[in-house]
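Observations on the three-dimensional arrangement
Below, each chain spelled out in residue letters.
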Amino acid sequence: MEEERLWKFRKPEWLNSMWARNAGVYAAGALFSIAFYVMLDSAVWSKSAKNASDVHVKFVDWLPLIFSSLGMLIINSVEKQRLSTDSFSYSGSGVAWKARVVLFLGFAALAGGMAGGVTVFVLKFVVPGVGMPALSMGIENLVSNALVGFSSVVLWISQNMEDEYSYNLSL
Amino acid sequence: MPTAGLKTIIALSFVLAVGFLLVILSCALYKVYYPLLVVATYVLAPLPNWICGRCANPDDFVESGGAAVLDVGRFFTGFFVVMGIALPAVLAHSDLIRVEAMIMSITGGLLIYGTIISFGMFFQEEQEF
């Protein structure tokens, strides 16, 4: 196993501990919560008395976040071990192929959500030249989509940690 | 760790009372009762871990379905914990509550959640023996 290493630097030992992957999952939930509440903050602020402009958060502003979250759900629901089962002879039904297609759809939804966030920001806030206090609604949209992406990265990494952990345990 | 004696229970209930006092003060001083949601959030926060801990089979290491259910519980616990901090911040940013009320409700909520977590830890240790 040690000779099959690809990278020069080995993974630090503490990354394989149960504690680290649990903390990773908690952190992913926390990041997703921050993302959702940043978006909710822009929606609440848009309807509050502080918003003097006539720019308001509509359903269109929520769509990128919905797509990002859908992508995150799809990506992290796929069983990662099925991705490499094509090398074995007993995977007759093409599970790895299906997993790759579903994973591709998930990443497309995640990236599409981020691109949609940029689109809403440019078309609704930058092009009409909205001033600063109202511009923060668009910035919050971008930030929340980026946080959803970051959260799914953290969740992905900690799930892969779990695989290493159970592998070490089964040996 | 010492066993959960009478002093621990008294200290924990005192901290819980201070937490509730801060949250209720943050509502009643300004006549805006939105910060009470923080209490509901922190009471809900340990629930996903408990429910998913019941659903999962902890002896199952090879089949990772049990671990996935546990991960879902952890994810939602993290979500709820940050929600308790983020909710007053959102309300204060939109001028629905004052900043002082936000600080008081966040502090009180963290005290309540810390009480729940430490009580659960003491209780779990009692169960082991």
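All values reported here derive from a predicted model rather than from experimental measurement. (Residues numbered from 1 in each chain as written. Chains lettered and ligands numbered in written order. Predicted model: local features only at pLDDT ≥ 70, side-chain atom pairs only at ≥ 80, totals over all residues.)

Looking at the overall build of chain A
Operational definition: Runs of E in the DSSP output that reach at least two residues are strands. Runs of H or I that reach at least four are helices, and both are numbered from the N terminus. Residue burial is a threshold on neighbouring C-beta atoms within 10 Å of the residue's own C-beta, all placed from the backbone, with 20 or more meaning buried, 12 or fewer meaning exposed, and counts in between meaning partly exposed. Here, residues touch in the contact sense if the C-beta positions derived from the backbone fall within 7 Å of one another.
Assigned secondary structure in chain A consists of four helices and zero strands. Out of the 171 residues in chain A, the part that is buried amounts to 32%. Nonlocal contacts in chain A, meaning residues at least 24 apart in sequence, comprise 82% of its contacts between residues at least 6 apart.

Some words on the environment of S33 of chain A
Its location among the elements puts S33 of chain A in helix α1 (residues 18-47). Sequence-wise, S33 of chain A and S151 of chain A are 118 residues apart; in three dimensions their C-alpha atoms are separated by 9.3 Å.

As for the confidence of the model for chain B
To keep things clear, this is the line we draw: Each residue carries a pLDDT score, the predictor's own confidence in it, on a scale running from 0 to 100.
Here chain B averages 80 in pLDDT, while 82% of its residues score no lower than 70. Here the complex is predicted with pTM 0.81, and the ipTM for its interfaces comes to 0.79.

Describing the interface of chain A and chain B
Condition: For this classification, the nonpolar set comprises Ala, Val, Leu, Ile, Met, Phe, Trp, Tyr, Cys and Pro, the charged set comprises Asp, Glu, Lys and Arg, and every other residue, Gly included, is treated as polar.
Counting from both sides, the interface comprises 22 residues of chain A and, opposite them, 20 residues of chain B. For the side of chain A that touches chain B, the secondary structure elements donating two or more residues are α1 and α4 (132-170) of chain A. The biggest single contributor to the side of chain A that touches chain B is α1 of chain A, with 15 residues. The class makeup of the residues in the side of chain A that touches chain B is 13 nonpolar, six polar and three charged.

Side note on the UniProt feature "transmembrane region" (unreviewed entry) in chain A
Residue and element names in this part refer to chain A. Rule in force here: UniProt positions are given in the numbering used here, feature names are shortened, and annotations may be inferred rather than shown by experiment.
The residues that UniProt annotates with the feature "transmembrane region" (unreviewed entry) are residues 20-39, 59-78, 99-123 and 135-157. Structurally, residues 20-39 comprises 100% helix and 0% strand, and the distance from its first C-alpha atom to its last is 29 Å. Its end C-alpha atoms 29 Å apart, residues 59-78 is made of 95% helix and 0% strand.

With respect to the nonpolar core
Applicable threshold: Here, a nonpolar core denotes buried Ala, Val, Leu, Ile, Met, Phe, Trp, Tyr and Cys residues that are linked to one another through C-beta atoms within 7 Å.
In this structure, L31, I34 and A35 of chain A together with V82 and A86 of chain B are the most contacted members of the largest nonpolar core, which totals 50 residues. The set of elements that each furnish at least two residues to this core consists of α1, α2 (59-77), α3 (95-126) and α4 of chain A together with α1 (6-28), α2 (36-44), α4 (65-93) and α5 (99-128) of chain B. Those residues in contact with I34 of chain A, other than ones at most four positions away along the chain, are L147 of chain A together with V82 and A86 of chain B.

A few points about the packing of α2 of chain A against α3 of chain A
Residues and elements named next belong to chain A. How we decide: Lines fitted to the C-alpha atoms define the axes, with helices restricted to the stretch that makes contact. Angles between their N-to-C directions range from 0 to 180 degrees. Any angle between 65 and 115 degrees counts as roughly perpendicular, while under 35 counts as roughly parallel, over 145 as roughly antiparallel, and the rest as oblique. Crossing handedness is read from the near helix: turned anticlockwise from the far helix by less than a right angle, it gives a left-handed crossing, and turned clockwise, a right-handed one.
Between α2 and α3, the shortest axis-to-axis distance is 7 Å and the interhelical angle comes to 160 degrees. One element, α2, and the other, α3, form an angle in the roughly antiparallel class. When you trace α2 past α3, the crossing you get is left-handed.

Description of the UniProt feature "transmembrane region" (unreviewed entry) in chain B
Residue and element names in this part refer to chain B. Residues annotated by UniProt as "transmembrane region" (unreviewed entry) correspond here to residues 6-25, 32-52, 72-91 and 103-123. The span residues 6-25 carries 100% helix and 0% strand; its end-to-end C-alpha distance comes to 28 Å. Span residues 72-91 is 100% helix and 0% strand, its end C-alpha atoms 28 Å apart.

Quick word on α1 of chain B
What counts is decided by this rule: Each helix should span, by expectation, one fewer than its residue count multiplied by 1.5 Å.
The terminal C-alpha atoms of α1 of chain B, which comprises 23 residues, lie 32 Å apart, in line with the 33 Å expected from a rise of 1.5 Å per residue. Among all positions in α1 of chain B, only G19, L22, V23, S26 and C27 of chain B are buried.

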